[in-house]
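Coordinates in review
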Amino acid sequence: MKLNIKSKVFLAPMEGINDIAFRTLCKKAGAGIIFSEMTHPLTQQKIFIEGKMVIQLFSTNEKGIKEFIKKYDKKVFGWDFNLGCPAKTAKKHGFGIFLQDLNLIEKILQTIRSSTKKPFFVKLRKSPQTFEILKIAEKYCDAITIHPRTQEQGYSGKPDLKFATSLKKKIKLPIIYSGNVDEKNYKNLLKKFDYLMIGRRAIGDPNVFNFFSNKKTNFDFKDYLKLAEKYKLPFRQIKFQAMNFTKRKPDAKKLRLEIFKAKNLEELKRAI
Ligand SMILES: Cc1cc2nc3c(=O)[nH]c(=O)nc-3n(C[C@H](O)[C@H](O)[C@H](O)COP(=O)(O)O)c2cc1C
């Protein structure tokens, strides 16, 4: 399946970060595809869908997955399945990188594939199972994302670029590469991989996507705030993003302290 997209650099799925307001700014700034936070099909949270959005699912509840896809399939650009989350909760509940039963993985990927004709991806880490899972993914998916760090590494340490490039020779699917991608290394990485994902580099700075597109945006926290109010995002999320958006600002110590102290939206608005 050919992906009809303008930029080969995407916003990586990030729990707690990729709310609707932040995703919208990243898309406007030039992200080719915007991924949701990892989402459980039985979530009670409101699902906002816009732009070229891929919803990332995590769950072993096949019925839940099927019903969720049926409900939102028309509106999304595509679907992703999380097989990489290294968090303690993932260990406790057996999802992400801790979902290791190959038969169950195949059943889930099969369920997703039979529920949608939209692009379908799977996101993995480096593990002894990566290659076996990719062989299954080849039967059902349109592309795979590799973040070549192990579960033990979490988000630190070097991503294993050699491991990721070796997959390119072993599988036919397009590969989306994730791991420390930024404006300095993306040209070289695009020689090795089909697409790239930006995670932490984009936190608080959606304009980073200008580097990978022909867009020129200058979004700041006020642009985020406008959207966050439009979508009625909770105050704690807005305050969290205010801290993110001011992180890279020089001399922002005093401003960030005021933001930190704000107890409600009015106080936060006065601070910025
Ligand atoms: C705060 C945070 C939340 C994340 N949440 C998810 C998630 O929900 N699903 C997922 O597949 N990966 C998640 N990741 C991993 C990123 O998508 C990405 O693969 C990883 O951060 C490496 O890319 P980077 O070096 O560009 O940040 C998360 C990473 C961070 C920092």
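Residues numbered from 1 in each chain as written. Predicted model: local features only at pLDDT ≥ 70, side-chain atom pairs only at ≥ 80, totals over all residues.

Annotation of the protein chain at the domain level lists domain 1 (9-212) and domain 2 (234-271). For domain 1 versus domain 2, the distance between C-alpha centres works out to 29 Å. Tallying the contact residues gives five residues for domain 1 and six residues for domain 2. In terms of residue class, the side of domain 1 that touches domain 2 is made up of two nonpolar, one polar and two charged. (Domains from an automatic or database assignment. Contact = placed C-beta atoms within 7 Å. Nonpolar A, V, L, I, M, F, W, Y, C, P; charged D, E, K, R; others polar.)

Structurally, Gln153 is set in the loop between β6 (143-147) and α6 (161-170). For Gln153, a count of 16 C-beta atoms within 10 Å translates into the label partly exposed. Remark: the alpha-carbon pair of Gln153 and Gly199, spanning 46 residues in sequence, is separated by 16 Å. (Helix = DSSP H or I, 4+ residues; strand = E, 2+ residues; numbered from the N terminus. Buried ≥ 20, exposed ≤ 12 C-beta atoms within 10 Å, placed from the backbone.)

Moving on: helix α5 (residues 130-140). What α5 keeps buried is the set Thr130, Ile133, Leu134 and Ala137. Viewed end-on, α5 has its buried residues packed into an arc of 100 degrees, placing them on one side of the element. (Arc of directions from axis to C-beta.)

Between helix α8 (residues 221-230) and helix α9 (residues 235-246), whose axes approach to 10 Å, the crossing angle comes to 160 degrees. Our classification of the angle between α8 and α9 gives roughly antiparallel. Viewed along their axes, α8 and α9 form a crossing whose handedness is right-handed. Residues Phe221, Tyr224, Leu225 and Ala228 of α8 form the contact with α9, whose own contacting residues are Ile238, Gln241, Ala242, Phe245 and Thr246. Class assignment of the residues belonging to the contact of α8 with α9 gives a composition of seven nonpolar, two polar and no charged. (Axes fitted to C-alpha atoms, helices over the stretch in contact; angles between N-to-C directions. Parallel < 35°, antiparallel > 145°, perpendicular 65-115°, else oblique. Left-handed = near helix turned anticlockwise from the far one by under 90°.)

Membership of the largest hydrophobic core comes to 75 residues, with the highest contact counts inside it found for Phe10, Ile144, Ile176 and Leu196. Per element, the largest residue contribution to this core is six residues, and it comes from helix α1 (residues 20-29). Shared between two domains, this core takes at least three residues from each, and those domains are domain 1 (9-212) and domain 2 (234-271). With residues near it in sequence (within four places) discarded, Phe10 still touches Ala31, Gly32, Ile33, Phe35, Ile176, Tyr195 and Met197. (Core = buried A, V, L, I, M, F, W, Y, C linked by C-beta atoms within 7 Å.)

What follows is about the pairing of strand β3 (residues 53-57). Of all five residues in β3, five are buried, a share of seventy percent or more. Of the two faces of β3, both are covered, the one formed by Met53, Ile55 and Leu57 as well as the one formed by Val54 and Gln56. Pairing of strand β2 (residues 34-39) with β3, which is carried by four bridges, proceeds in the parallel orientation. Counterpart to Ile34 in the pairing with β3 is Met53. Sheet topology note: the β3/strand β4 (residues 78-83) ladder contains four bridges and is parallel. Along β4, the bridge assignment pairs Val54 with Gly78. For the crossover that starts at β3, traverses helix α2 (residues 62-72) and ends in the parallel β4, the hand is right-handed. (Pairing = 2+ DSSP bridges. Right-handed = clockwise from strand over helix to strand, strands pointing away.)

In contact at an axis separation of 9 Å, helix α4 (residues 102-115) and α5 are set at 20 degrees when each is read in the N-to-C sense. For the element pair α4 / α5, the angle class is roughly parallel. For the element pair α4 and α5, the recorded crossing hand is right-handed. Residues Leu102, Ile105, Glu106, Leu109, Gln110 and Arg113 of α4 pack against Glu132, Ile133, Ile136, Ala137 and Tyr140 of α5.

Here strand β8 (residues 195-198) shows a buried face lined by Tyr195 and Met197 and a second buried face lined by Leu196 and Ile198. Relative to β8, strand β1 (residues 9-11) runs parallel, the two sharing three bridges. Residue Val9 lies in a different strand from β8, and its bridge partner there is Leu196. Pairing between strand β7 (residues 175-178) and β8: three bridges, direction parallel. From the neighbouring strand, Ser178 faces β8, where its bridge partner is Met197.

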